[in-house]
Amino acid sequence: MARTRSFSYITIFFLILALVVTISSFRHVGEEQINSLYVVPLKGSIYGGTADFISRAVHEAEARKAEAVLIELRTFGGELNAMAEIADAMTGAKIPIYVFIQGRAISAGAYIALSGERIVMSPDAVMGASQPRTADGKPVPEKEMAAFRKMFKAAAEARAQRVGVELDPRIAEAMVDPEVEVAGVTEKGNLVALTAEEAMELGYADLIAKNRNEAVLSLGLSHLTPVEIRQTPVEGLVRFLTDPYISSLLLIVGFTALIIEVFTAGFGLAGVLGIVSLLAFFGARFLSGLAGFEVFILFILGLILLAAEIFVVPGFGIPGIIGLISIGGSIVLSYASSSQGLAALGLSLVWTFFFVSLALQYLKKSGFFQRIVLSTSLSGESGYSAVPLYQDYLGKIGKTVNPLRPAGVVEFEDGERLDVISEGAYIAGGEEVKVVKVEGRRIVVRKTDIE
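Numbering of residues begins from 1 in every chain and follows the order in which that chain's sequence is written. Totals for whole chains, interfaces and linings use all residues, but because this is a predicted model, local features are given only for residues with pLDDT of at least 70 and pairs of side-chain atoms are given and counted only at 80 or more. The side-chain quantities take in all heavy atoms of the structure and omit both hydrogens and water.

> Hey, could you run me through the overall build of the protein in this one?
In DSSP terms, a helix is any run of H or I states spanning at least four residues, a strand is any run of E spanning at least two, and both are numbered starting from the N terminus. Secondary structure summary: the protein contains 15 helices and 13 strands in total. For the protein, the proportion of its 451 residues judged to be buried stands at 41%. For the protein, the share of sequence-separated contacts (at least 6 apart) that also reach a separation of at least 24 residues comes to 61%. Surface accessibility in these figures is a Shrake-Rupley result with a 1.4 Å probe; residues are shielded only by whichever protein chains are displayed. Roughly 24700 Å² of accessible area belongs to the protein as shown, and the carbon and sulfur atoms make up 61% of that amount. With a 1.4 Å probe rolled over the protein chains alone, any residue whose accessible area is under 20% of its type maximum counts as buried; one over 50% counts as exposed, and the rest are partly exposed. Only heavy atoms enter the contact rule, under which two residues are in contact if any of them lie within 4.5 Å.

> Help me understand unusual backbone geometry, please; the structure alone is not making it clear to me.
Positive phi values are uncommon outside glycine, yet Ser107 reaches one of about 55 degrees. Among the secondary structure elements, Ser107 is positioned in the loop between β3 (97–106) and α4 (108–114). Although it is not a glycine, Ala129 adopts a positive phi angle of roughly 50 degrees. Mapped onto the secondary structure, Ala129 falls in the loop between β5 (126–128) and α5 (142–163).

> Explain the pairing of strand β10 (residues 407–412) to me, please; I cannot follow it from the model alone.
Side-chain positions along a regular strand alternate between the two faces of the sheet. For strand β9 (residues 397–400) and β10, the ladder comprises three bridges, and the chain directions are antiparallel. Across the sheet, Gly398 pairs through a bridge with Phe412, a residue of β10. Connecting the antiparallel pair β9 and β10 is a turn made up of six residues. Summarising the sheet, β10 and strand β11 (residues 417–422) pair through five bridges and their orientation is antiparallel. DSSP-based pairing: two strands are paired if at least 2 bridges between them are found.

> What is the right way to look at empty space enclosed by the protein in this model?
Using a probe with the size of a water molecule, rolled over the atoms, empty space left in the structure can be pinpointed. Only protein atoms enter the calculation, which uses a 1 Å grid: trapped sets of points that fit a 1.4 Å probe without letting it out are cavities, open sets showing protein on both sides within 12 Å along at least five of seven lines are pockets, and any residue with an atom within 4 Å of a point is a lining residue. Grid points are joined across faces, edges and corners, and a volume is the space filled by probe spheres set on the points. One pass over the structure, following the stated rule, counts one cavity of 30 Å³ or more. Approximately 50 Å³ is the volume attributed to the largest cavity. Surrounding the largest cavity, Leu80, Met83, Ser107, Ala108, Ser130, Gln131, Pro132, Phe148, Phe152 and Val176 form its lining. Broken down by secondary-structure element, the contributors of at least two residues to the lining of the largest cavity are α3 (80–91) and α5. Gly is put with the polar residues, along with every residue not named as nonpolar or charged; the nonpolar set is Ala, Val, Leu, Ile, Met, Phe, Trp, Tyr, Cys and Pro, and the charged set is Asp, Glu, Lys and Arg. Of the residues in the lining of the largest cavity, the class split is seven nonpolar, three polar and no charged.

> When you look at the environment of Val436 in this model, what are you seeing that I'm missing?
If you trace the backbone, Val436 turns up in strand β12 (residues 432–439). Residue classification places Val436 among the partly exposed residues on the basis of a relative accessible area of 28%. In the structure, Val436 is positioned 14 residues away from Ser422 in sequence and 9.5 Å away in space, judged by C-alpha atoms. Not counting the four nearest positions on each side in its chain, Val436 is found in contact with Leu394, Glu423, Val444, Val445 and Arg446.

> Any chance you could explain the nonpolar core here in plain terms?
Among soluble globular proteins, nonpolar side chains are generally buried collectively. Take the buried residues of types Ala, Val, Leu, Ile, Met, Phe, Trp, Tyr and Cys, join any two whose side-chain atoms come within 4.5 Å, and each joined set is a nonpolar core. Counting 58 residues, the largest nonpolar core has Ile101, Met121, Met127 and Tyr204 as its most contacted members. Beyond its immediate sequence surroundings of up to four residues, Ile101 is in contact with Leu73, Ala113, Ile119, Val120, Met121, Ser122, Ala125, Val126 and Met127. The next biggest cluster of nonpolar side chains, apart from the first, holds 17 residues, and it includes Ile246, Ala284, Val295 and Phe299.

> How do you make sense of the pattern of salt bridges when you look at a structure like this?
A side chain with one charge can pair with a side chain of the opposite charge if their charged atoms come near. Should a side-chain nitrogen of Lys or Arg be within 4 Å of a carboxyl oxygen of Asp or Glu, the pair is scored as a salt bridge. What the rule picks out here adds up to 13 salt bridges. When the shortest N-O distance is used, the salt bridge between Arg149 and Asp177 registers 2.5 Å. Of this pair, Arg149 sits in helix α5 while Asp177 is found in the loop between α6 (169–176) and β6 (193–195), placing the two residues 28 residues apart along the sequence. With respect to class, Arg149 is no different from Asp177; both count as buried. Among the salt bridges present, the one from Glu411 reaches Arg417, with a minimum N-O distance of 3.3 Å. The partly exposed category is assigned to Glu411, whose relative accessible area is 32%.

> Any chance you could explain the side chain of Thr186 here in plain terms?
Position of Thr186 relative to the elements: it lies in the loop between α6 and β6. Polar contact criterion, stated in full: a pair of N or O atoms within 3.5 Å, where within protein one must be able to donate a hydrogen and the other to accept it, and residues adjacent in sequence count only if both atoms are side-chain atoms. In terms of polar contacts, Thr186 uses its side chain to reach the backbone carbonyl oxygen of Asn190, at 3.3 Å. Setting aside chain neighbours within four positions, we find Thr186 in contact with Ala174, Val180, Glu181 and Val192.

> Teacher, can you tell me more about the sheet that holds β9 here?
By definition, the strands of a sheet pair up through backbone hydrogen bonds, in either a parallel or an antiparallel sense. Strand order in this closed barrel of five strands is β9-β10-β11-β13-β12, and the pairing throughout is mixed. Across the sheet, the mean angle separating the axes of adjacent strands is 55 degrees when strand polarity is ignored. Note on geometry: axes are lines fitted to C-alpha atoms, helical ones only across the stretch in contact, with angles between N-to-C directions running from 0 to 180 degrees.

> In this structure, what is going on with the packing of helix α2 (residues 48–63) against α3? I would like to understand it.
Relative orientation and spacing of two packed helices are given, respectively, by the angle between their axes and the distance between those axes. At their nearest, the axes of α2 and α3 sit 8 Å apart, and the two run at 5 degrees to each other. By the angle class used here, α2 and α3 are roughly parallel. For the pair α2 and α3, the contacting residues are Gly48, Thr50, Ala51, Ile54, Ser55 and Val58 in the first and Ala82, Glu85, Ile86 and Ala89 in the second. Among the residues forming the contact of α2 with α3, the class breakdown is six nonpolar, three polar and one charged. Roughly parallel refers to an angle under 35 degrees, roughly antiparallel to one over 145, roughly perpendicular to one between 65 and 115, and oblique to any angle outside these ranges.

> Teacher, can you tell me more about a nonpolar patch on the surface here?
Taken together, the side chains of Val234, Phe286, Leu287, Phe293 and Ile297 present a nonpolar region at the surface, about 510 Å² in accessible area. Sorting the residues of the nonpolar patch by element identifies α11 (269–287) and α12 (293–311) as the ones contributing at least two each. Secondary-structure assignment places Phe286 in helix α11. Patch definition: residues with relative accessible area over 30% and no salt bridge; like charges joined within 9 Å; nonpolar side chains (Val, Leu, Ile, Met, Phe, Trp, Tyr) joined within 5 Å.

The structure is reproduced here in structure tokens:
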């Protein structure tokens, strides 16, 4: 009884200690984040993983009651869908989001900069040159071009209203479309890209600063404690894997490895590499929000149908066709637009066919191919058979173990018992029979007294 009471006192002591430490920790965290400025780097190409990182940083800053967020921007642009997600996270934030352009805010970077509360540029910074292009590098169709012109114009007008500055929104349109002409700024045929001084004069920037410290000081945020936010390893990996070049490479490696696996015996390194590559492709796009769970399910369905076509259904028919369509559709749907998906799929397939052809030619000439592929012909003339041979029993006499109706078992003189079938007539058990025909596993017998 004393032990029980003692144990209870110890348990209560540790419970109280845990509660005190927990409350103190939360209070400490809360105090630590008061009067803080979240500094978020946005550098390099912009893809799905980048958008997730920026959204996470903004939400964390809001949750920790930070005073503001400063995005350090240096980019040549990236995916338009990711650009829009980042801009939405910035404009929808409950705290001010400032932008410090370090060197360049090209293409999608210009739109992100225009979404900030105020814009600070380094002396060597450039903003603009934002003409959207398709996956093959060509300008987008006029319908899409018009939509992006309006997006940039709306962002510029929102900035003018938010900051209280006068600016010409057509300059933002001219960043997107070279056909837009702005007197004194650009002629038709040229995209607008503003230097720091030009952006200040035209109302597209608020301040110029050499570095972050000057930017923070000029924004009046020097009293805040800077809290630097970095990408987690998973966010960095997702951003890397959603890069268009890396995504295409994953598809090429995945398809090539799986096709080579089909031509080799068993299941080995090629199969593992193919599956891992395709899982990395879809996993990264799922984690970045570019693809939903239904896309992954569609891909798995396609694999199952193809497997059924190869191992279950003879020839190549409807299951195989639907499987290929499912896999192709899942890849296309995992991209922001169907044109990007189709371009990526086509590019991957072309390179896959090339590498498979090259690999098979090389492997056939090497000893490795002979080690992994069965090259010996196991023909019947050479004495090989896929089933047991019963030709030696042709003409032999045996006795029925049980009645043949018409199938049953016969025991032969060598003691071997085999499944047989009569020519059609019923034969009682214990009768003497003779083997009259052998067709693979099929042994046909008849009674000896009716020959």
